[in-house]
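A closer look at the structure
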Amino acid sequence: MNWERLQEKLGILADAAKYDVSCSSSGSNRENTNKGLGDSSGMGICHTYTEDGRCVSLLKILLTNHCIYDCLYCVSRKSNDIKRAAFTVDEVVELTINFYRRNYIEGLFLSSGIFKNSDFTMERLVRVAKKLRTEHKFNGYIHLKTIPGASDELMQEAGLWADRLSVNIELPTKSGLALLAPDKKHEDFIKPMKTISNAIIENKSEKKIIKSTPQFTPAGQSSQMIIGATNETDLDIVKTSTFLYKNFNLKRVYYSGYVPVLKDNKLPDLGTPVPMVRENRLYQTDWLFRFYQFDPSEIVNETYPHLDLEIDPKLSWALRNRHLFPIDVNTADYHMILRIPGIGVKSAKKIVSARRFGKLGQEQLKKLGIAMNRAQYFITSKNYFNANDWDSLTLRNLIIQSGKSKYSNKFSTQLSLF
Ligand code: SF4
């Protein structure tokens, strides 16, 4: 193997892959049962942090940046004058094993431009995963980005070797897709998502009957959409992600702020800031309807189609619903405690558990890790009587002022929530 050439390809194809954010994951339980390489069980993936704060890494590359399509938002589009490269199946396998042995990575995230056609490309992605699993007994994490338009058979096979499969929905609306990627159809994404979702359901029920049934994509499927490349509202985005979660049982929808690297009059101008704050607010909203029992329409709707960028969406909702507050944490349902700004899922559980042993006041709440700078205005306490006299706008400004560092335009990670 020519390592110099391989290194050159790696430079090109790792750089081209960096725009894809949908590579973090969890929930895989592929254990090392065959004395093979690696063990992805319980692991988060992709230069990201697991729930316990562990940083994990993976080899994130494209198989090729050649592409027959010309999606305007993509650096790999065929009309873009860039250096092109393609790995062979063996090269990707070799790199993965080599990097894994050196402890550089804990898994592989493999995506690709489309060369020749969808099946031709998808078949190669599948071969990489199959070779790693069968010939090298690789038990590390594998995330394959599927190719829209590939056959159901290839999707089915991919799920046998990969921990996670993803199909990028690309843009939040059909009109956005028609504008920026006219060669692609909404159905091109929906069909493979449906295939994968059905296969996951079937696999689960088969496993209940025959325990030895091989796992099918144990970490589930995810998707990603680019935000800010077209003029969609946050309501449009949330409607699309809700549709995906509901119909295809997705583990995650990733929101990727558009990075303007290409000039075209249908795209935001070069130099337009990447909408990082909006991206962060969308992740927070996503969390609210997946883990905080909110209905998406409570956060964004026809009256409020845009998220407030200055404050988190739960605080924004609470300020629009002052009549529901103050809440007495000593007596309220868990469901309502979850809705108090400054109280997360873990804290809400701690409150419900701790109040069995005595009445909780501000001191106890602080000890439980409640963010009192926000919560104090929404719970029954001596301060509330002041808060009750203020209108929502005044209260909003006060909270922003008192938490300047938190609400300034600095966002550490997508998951610094509530
Ligand atoms: S098909 Fe994928 S790789 Fe090809 S131009 Fe479109 S987004 Fe880029």
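Overview of the structure. (Residues numbered from 1 in each chain as written. Predicted model: local features only at pLDDT ≥ 70, side-chain atom pairs only at ≥ 80, totals over all residues. Heavy atoms only, no water.)

With respect to the pairing of strand β5 (residues 141–145)
Within β5, 5 of the 5 residues are buried, which leaves it mostly tucked inside the rest of the structure. Neither face of β5 is exposed, since Y141, H143 and K145 on one face and I142 and L144 on the opposite face are all buried. The pairing of strand β4 (residues 107–111) with β5 spans 4 bridges and is classified as parallel. Bridge pairing in β5 links F109 to H143. (Buried < 20%, exposed > 50% of the residue type's maximum accessible area, 1.4 Å probe, protein only. Helix = DSSP H or I, 4+ residues; strand = E, 2+ residues; numbered from the N terminus. Pairing = 2+ DSSP bridges.)

Details of the nonpolar core
Grouped together as the largest cluster of nonpolar side chains are 114 residues, with contacts concentrated most on I340 and F378. Considering each element in turn, this core owes the most residues, 7 residues, to helix α2 (residues 89–101). (Core = buried A, V, L, I, M, F, W, Y, C linked by side-chain atoms within 4.5 Å.)

Describing the packing of α2 against helix α3 (residues 118–134)
Two quantities define a packed helix pair, namely the angle between the axes and the distance from one axis to the other. Put simply, α2 and α3 touch, their axes get as near as 9 Å, and they point 40° apart. Taken together, the axis directions place α2 and α3 in an arrangement best described as oblique. Two packed elements cross with a definite hand, and for α2 against α3 that hand is right-handed. Along its contact with α2, which presents V89, D90, V92, V93, T96 and I97, the element α3 presents R124, R127, V128, K131 and L132. Looking at the contact of α2 with α3 residue by residue, the class counts come to 6 nonpolar, 1 polar and 4 charged. (Axes fitted to C-alpha atoms, helices over the stretch in contact; angles between N-to-C directions. Parallel < 35°, antiparallel > 145°, perpendicular 65-115°, else oblique. Left-handed = near helix turned anticlockwise from the far one by under 90°. Contact = heavy atoms within 4.5 Å. Nonpolar A, V, L, I, M, F, W, Y, C, P; charged D, E, K, R; others polar.)

Focus on the sheet that holds strand β3 (residues 59–62)
Pairing is parallel across the open sheet formed by 6 strands, whose spatial order is β3-β4-β5-β6-β7-β8. Looking at which strands have only one partner, the edges of the open sheet turn out to be β3 and β8 (252–257). Pairwise comparison of adjacent strand axes, ignoring direction, gives a mean angle of 20° for this sheet. In this sheet, strand β6 (residues 164–166) lies alongside β5 in parallel orientation, the contact comprising 3 bridges. Residue K145 lies in a different strand from β6, and its bridge partner there is S166. Against the sheet, α2 contacts β3 and β4, and its axis sits at roughly 165° relative to β3. Strands in contact with helix α8 (residues 276–291) are β7 (221–227) and β8; relative to β8, the strand with the most contacts, it is inclined by about 165°.

Overview of the environment of L95
Take L95: it is sitting in helix α2. By relative accessible area, L95 is classed as buried at 2%. Separated by 89 residues in sequence, L95 and L6 have C-alpha atoms that sit 8.8 Å apart. Excluding residues within four positions of it along the chain, L95 makes contact with W3, L6, L10, L59 and F87.

Notes on the packing of aromatic side chains
By the definition in use, this model includes 11 aromatic pairs. Pairing Y255 with Y283 gives two aromatic rings, centres 5.2 Å apart and planes at 75°, and the pair type is edge-to-face. Of this pair, Y255 sits in strand β8 while Y283 sits in helix α8, and the two are 28 residues apart along the sequence. A relative accessible area of 1% means that Y255 is categorised as buried. Note on W317 and F325: the rings are 6.0 Å apart at their centroids and 75° apart in plane angle, and the pair reads as edge-to-face. A network of ring pairs unites the aromatic residues F294, W317, F325 and F378 as a single cluster. The ring centre of W287 lies 5.0 Å from the NZ or CZ of R290, which sits over that ring. (Phe/Tyr/Trp six-rings, centres within 6.5 Å; stacked < 30°, edge-to-face > 60°. Lys NZ or Arg CZ within 6 Å of the ring centre and 35° of its normal.)

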